[in-house]
Amino acid sequence: MQLIDTHVHINFDSFQPDLDAVAQNWRDAGVVRLVHSCVTPSEFEQTQALADRFPELFFAVGLHPLDVDQWRSDSASQILALAQSDVRVVAIGEMGLDFYKADNRELQEQAFWAQLEVARQLNLPVIIHCRDAAEAMAELIKDFWTKKGSVQGVMHCWSGTPEETQWFLDLGFYISFSGIVTFKNATQVHESARGVPSDRLLIETDCPFLAPVPKRGERRNQPAYVKYVAEQVARLRGVEVEAIAAQTTANACSLFRLPPVEPSQLAETHFVEIS
């Protein structure tokens, strides 16, 4: 069984003491590809070095909405140049809107729009962070479509209502579920996870954040735990976990144009219980 974790941040300091062991864990769990997001372009070289170290890792470059105080007049051109500099860049992001922790809406929207333009120019998907901003996000994307053209991407770590989920499905986006879907009280996320069409479904950890049940008490999430997300989504949808793994792997490869896994790589991975 193959799994793809479509959103990780393994450059964080909490991974540095034992990253090789963490990598062995994800390989033992059957995770054959990872997509690493940048929260600022300054992380690009560090993420590049991680991809050199772990060939199953691909990555994105962009500016997170909570870091838009770093946005400058040349930021879009910087992101464009970085994305063009490495064929392992498979998306622009993470980017988006966050009205929960910040109120600088105008600057967030400016940075988001500019990064949409970069993604469209490069024909790359976008990785979108959206918190307490679904209506504004949907309207902005619709406006972009009208003025500039369509973009493709994923609503990552999704926690919206079923109605909000449908807004982004109607715009052609994929929906990615994180460890939140394993939380007992996340009822609207459960409902959304049941309703997303199979060909638009993705899974992620967003590690080191949001460790899923049964690992929720751990301070650090890790890519191997994406299997618990897959298991919960399978339960909610009434299907076998192998079906969710196969579908989400195919979807991730399609959206991010990830290269196929070589047979020699498959021989090195097997699905085991992660302690």
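Refer to the structure printed above.
What you see is a predicted model; the values in this text were computed from it and never measured. (Residues numbered from 1 in each chain as written. Predicted model: local features only at pLDDT ≥ 70, side-chain atom pairs only at ≥ 80, totals over all residues. Heavy atoms only, no water.)

A.B. asks: Honestly, the layout of surface pockets in this entry has me stumped. Any pointers?
C.D. replies: The probe, sized like a water molecule, is rolled over the atoms to show the empty space still left. The computed volume of the largest pocket comes to approximately 710 Å³. Along the walls of the largest pocket sit 26 residues, with D98, H129, R131, C157 and L210 positioned nearest its centre. Those elements that place two or more of their residues in the lining of the largest pocket are β4 (89-98), β5 (126-131) and α7 (187-195). Partitioned by chemical class, the residues of the lining of the largest pocket number 12 nonpolar, 7 polar and 7 charged. Within this model, the second largest pocket holds a volume of roughly 160 Å³. By residue class, the composition of the lining of the second largest pocket is 6 nonpolar, 4 polar and 2 charged. (1 Å grid on protein atoms, 1.4 Å probe; cavity = no way out; pocket = protein on both sides within 12 Å on 5 of 7 lines; lining within 4 Å. Points joined across faces, edges and corners; volume = space filled by probe spheres on them. Helix = DSSP H or I, 4+ residues; strand = E, 2+ residues; numbered from the N terminus. Nonpolar A, V, L, I, M, F, W, Y, C, P; charged D, E, K, R; others polar.)

A.B. asks: What am I meant to see in the sheet that holds β5 here?
C.D. replies: Backbone-to-backbone hydrogen bonds pair the strands of a sheet. The strands run either parallel or antiparallel. Spatial strand order, β1-β2-β3-β4-β5-β6-β7-β8: 8 strands in an open sheet with parallel pairing. Bordering the open sheet on either side are β1 (3-8) and β8 (201-203), each of which pairs with just one other strand. Mean inter-strand twist for the sheet, computed between neighbouring axes without regard to direction, equals 30°. Relative to β8, strand β7 (residues 174-177) runs parallel, the two sharing 3 bridges. Each residue of the ladder has a partner; that of F177, found in β8, is I203. In this fold helix α4 (residues 105-122) packs onto β4 and β5, with an angle of close to 160° to the strand it touches most, β4. Set on the sheet, helix α8 (residues 226-237) makes contact with β1, β2 (31-36), β7 and β8; between it and β8 the angle comes to about 145°. (Pairing = 2+ DSSP bridges. Axes fitted to C-alpha atoms, helices over the stretch in contact; angles between N-to-C directions. Contact = heavy atoms within 4.5 Å.)

A.B. asks: What is the right way to read the state of the cysteines from this model?
C.D. replies: Working definition: the covalent bond between the sulfur atoms of two cysteines is a disulfide. All chains considered together, the criterion is met by 0 disulfides. There is no disulfide at C130, and the cysteine sulfur nearest it, in C157, is 11 Å away. (Disulfide = S-S within 2.5 Å.)

A.B. asks: When you look at the packing of aromatic side chains in this model, what are you seeing that I'm missing?
C.D. replies: The geometry of two aromatic rings is summed up by the distance between their centres and the angle between their planes. Counted under the stated rule, the structure contains 6 aromatic pairs. Measuring from centroid to centroid gives 5.3 Å for W26 and F54, while their planes differ by 70°, and the two rings are edge-to-face. Placement of W26 in helix α1 (residues 19-28) and of F54 in the loop between α2 (44-53) and β3 (57-61) is noted, with a sequence separation of 28 residues between them. We note that W26, like F54, is buried. Seen in terms of ring centroids, W158 and F168 are 5.5 Å apart; in terms of plane orientation they differ by 75°. Their pairing is edge-to-face. (Phe/Tyr/Trp six-rings, centres within 6.5 Å; stacked < 30°, edge-to-face > 60°. Buried < 20%, exposed > 50% of the residue type's maximum accessible area, 1.4 Å probe, protein only.)

A.B. asks: What exactly am I supposed to notice about the pattern of salt bridges here?
C.D. replies: Two side chains with opposite charge may pair up if their charged atoms get near one another. Under the criterion given, the structure shown has 9 salt bridges. For D52, the salt bridge identified is with R88, shortest N-O distance 2.8 Å. Taken as a pair, D52 in helix α2 and R88 in the loop between α3 (75-84) and β4 lie far apart in primary sequence, 36 residues in all. Assessed through its relative accessible area of 56%, D52 is described here as exposed. One salt bridge in this structure joins K142 and E139, with 3.6 Å as the shortest N-O distance. Of the two residues, K142 and E139 both sit in helix α5 (residues 134-147), 3 residues apart, roughly one turn of that helix. Within the structure, one salt-bridge network assembled from shared partners comprises D52, D86 and R88. (Salt bridge = Lys/Arg side-chain N within 4 Å of Asp/Glu carboxyl O.)

A.B. asks: Teacher, can you tell me more about the packing of α4 against α5 here?
C.D. replies: If you want to describe how two helices pack, look at the angle between their axes and the distance between the axes. At a minimum axis distance of 11 Å, the contact between α4 and α5 shows a crossing angle of 45°. With respect to their mutual orientation, α4 and α5 come out oblique. Handedness of the α4/α5 crossing: right-handed. Packed against α4, whose contacting residues are R105, E109, F112, W113, L116, E117 and R120, the element α5 presents A136, M137, L140, I141, D143, F144 and K147 at the interface. When its residues are assigned to classes, the contact of α4 with α5 shows 8 nonpolar, no polar and 6 charged. (Parallel < 35°, antiparallel > 145°, perpendicular 65-115°, else oblique. Left-handed = near helix turned anticlockwise from the far one by under 90°.)

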